[in-house]
Every structure is written in structure tokens, then in C-alpha cells.
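Close look at the chain arrangement
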Amino acid sequence: MNWQLKTFAALNTNELYTLLQRREQVFVVEQTCPYLDADGADTQALHLWADSDHEAVIAYARIFLGQGGDAYSRIGRVLTVQSVRRTGVGRELMQRAIDICREYTPELPIRLGAQVYLRAFYESFGFVAISAEYLEDDIPHIDMELRP
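In this numbering scheme, every chain counts its residues from 1 along its sequence in written order. Owing to the predicted nature of the model, reporting of local features is limited to residues with pLDDT of at least 70; listing and counting of side-chain atom pairs is limited to 80 or more, with chain, interface and lining totals taken over all residues. Water and hydrogen atoms play no part in the side-chain values, which are based on all heavy atoms of the structure.

**A look at the packing of aromatic side chains**
- For this analysis, a ring pair means two rings from Phe, Tyr or Trp (six-membered ring only for Trp) whose centres lie within 6.5 Å, classed as stacked if their planes differ by under 30 degrees, edge-to-face if by over 60, and tilted for the remaining angles. Under the definition given, this model contains three aromatic pairs.
- Between F121 and F125 the ring centres are 5.3 Å apart and the planes differ by 75°, which places this aromatic pair in the edge-to-face class.
- A relative accessible area of 24% places F121 in the partly exposed class.
- A centroid spacing of 6.2 Å and a plane angle of 80° characterise the contact between Y122 and F127, whose relative ring orientation is edge-to-face. F127 matches Y122 in its accessibility class, with the two residues each being buried. Residue burial is assigned from relative accessible area. The probe radius is 1.4 Å, only protein chains are included, and a residue is buried under 20% of its type maximum, exposed over 50%, and partly exposed in between.

Below, the structure written as C-alpha cells:
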């Protein structure tokens, strides 16, 4: 696997297209959840992804580092493609995303909005629930936090 971490400005057109295509594939098509993925926040994020020898963007996460008055960093749009699910790639993706947050904002907690069915996965990294369950785009979610 080849891991990449880039700002929005550093992405080339092909990389951006493939990242957006994968996000739509997982969150819009697979989960049958029409929503506006291109939400205008990508320009402020770090984009972490892995390519395999056979497929581009097999895992992806969008990272917002806490800045100024922000009280936390945030990880979102976490995905793996079907061909690598349950192989450990998702665990590696999350650990890398956490490590990036810890490297650049070690004093800040890390938050994410987890789909409820993945709660135990995120708990295995030390995340704890900080909200009640809620519906986001008709999918049950829960806000979670990992403290420094």
C-alpha cells in the first residue's frame, strides 16, 4: 500500500476526482444516502488515503486539525472500499489519522461523528461517546471523542 497525506491545494485533478468518486461510491451509492458530499469543507482539510497495487483510494479519511479557538481536531469521511474491508486496512487508516492529529495538535481531543454500527470499532481506539444517538441523513450516528 502507498499512503498519501495532502492538503486540498496539493491535490492534483486526478487525485481529487478519485477521492470524491470513492466517497460517493461508499456514502451515497452503497449506503443509498443522497447528500451533498462536496460540502465546501475539503479546502480546509488534510486528505489521508491509501492506494493498493491494483486499485486507487482503497481507504480514506478527511482530517481537520484544531486551530485558533478550536477545542478539538476532527476526523471524518472515514471509508474503506469493499475489497479491503475486514483486512485491517481500516484499523491502519484510523491509527494513521489519530497519529496525524496527535503530531500536529497533541494537546487537543479528537472528535468524530460515528455511524452507530461502528461504535465498538472506534471505542477500540479509545474514543468515548459524547452525545446521544441522532439521525444524520437517516443513518444513526453518535459523536465520539478521544482525549489527549
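**Details of the environment of G69**
- Secondary structure elements are defined from DSSP: runs of H or I of at least 4 residues count as helices, runs of E of at least 2 residues count as strands, and each element is numbered from the N terminus. Here G69 is to be found in the loop between strand 3 (59-64) and strand 4 (73-80).
- Overall, G69 belongs to the exposed group, its relative accessible area being 80%.
- Considered as a pair, G69 and L5 are 64 residues apart in the sequence and their alpha carbons are 24 Å apart.

**Section: the pattern of salt bridges**
- The salt bridge criterion pairs a side-chain nitrogen of Lys or Arg with a carboxyl oxygen of Asp or Glu, the two atoms within 4 Å. In total, this model carries 13 salt bridges according to the counting rule given.
- Ionic pairing is found between R85 and E30, a salt bridge with its closest N-O pair at 2.8 Å. Taken as a pair, R85 in the loop between strand 4 and helix 2 (89-104) and E30 in helix 1 (residues 13-30) lie far apart in primary sequence, 55 residues in all.
- Assessed through its relative accessible area of 28%, R85 is described here as partly exposed.
- Ionic pairing is found between R111 and E145, a salt bridge with its closest N-O pair at 2.7 Å.

**Concerning the layout of surface pockets**
- Cavities and pockets are defined on a 1 Å grid built over the protein atoms alone: a cavity is a set of grid points where a 1.4 Å probe fits but cannot escape, while a pocket is an open set with protein on both sides within 12 Å along at least five of seven lines, and lining residues are those with an atom within 4 Å of any such point. Grid points are joined across faces, edges and corners, and a volume is the space filled by probe spheres set on the points. Here the largest pocket is characterised by a volume of approximately 980 Å³.
- Together, 37 residues line the largest pocket, and F27, V78, Q115, L118 and Y122 are the ones closest to its centre.
- Looking at the lining of the largest pocket, the elements that each hand over two or more residues are helix 1, strand 3, strand 4, helix 2, strand 5 (110-115), helix 3 (119-123), strand 7 (134-136) and strand 8 (139-146).
- Here the element with the most residues in the lining of the largest pocket is strand 4; it accounts for seven residues.
- Residue polarity follows a fixed list, in which Ala, Val, Leu, Ile, Met, Phe, Trp, Tyr, Cys and Pro are nonpolar, Asp, Glu, Lys and Arg are charged, and the others, Gly among them, are polar. Within the lining of the largest pocket, the residues separate by chemical class into 18 nonpolar, nine polar and 10 charged.

**What to know about unusual backbone geometry**
- The backbone phi angle of V57 is positive, close to 50°, even though this residue is not glycine.
- By the element assignment, V57 lies in the loop between strand 2 (46-51) and strand 3.

**What to know about the nonpolar core**
- What is meant by a nonpolar core is a set of buried Ala, Val, Leu, Ile, Met, Phe, Trp, Tyr and Cys residues, joined one to another through side-chain atoms within 4.5 Å. By size, the foremost hydrophobic cluster in this structure holds 28 residues, and its most contacted members are I63, I75, M94, I98 and F127.
- Counting only elements with at least two residues in this core, the list comes to strand 2, strand 3, helix 2, strand 5 and strand 8.
- Looking at this core element by element, the count peaks at seven residues for helix 2.
- Residues are treated as being in contact if the distance between any of their heavy atoms lies within 4.5 Å. Residue contacts for I75: discarding those within four places in its chain leaves A61, R62, M94, A97, I98, C101, I110, R111 and L112.
- In this structure, L11, L19, F27 and L79 belong to the second largest nonpolar core, which totals eight residues.

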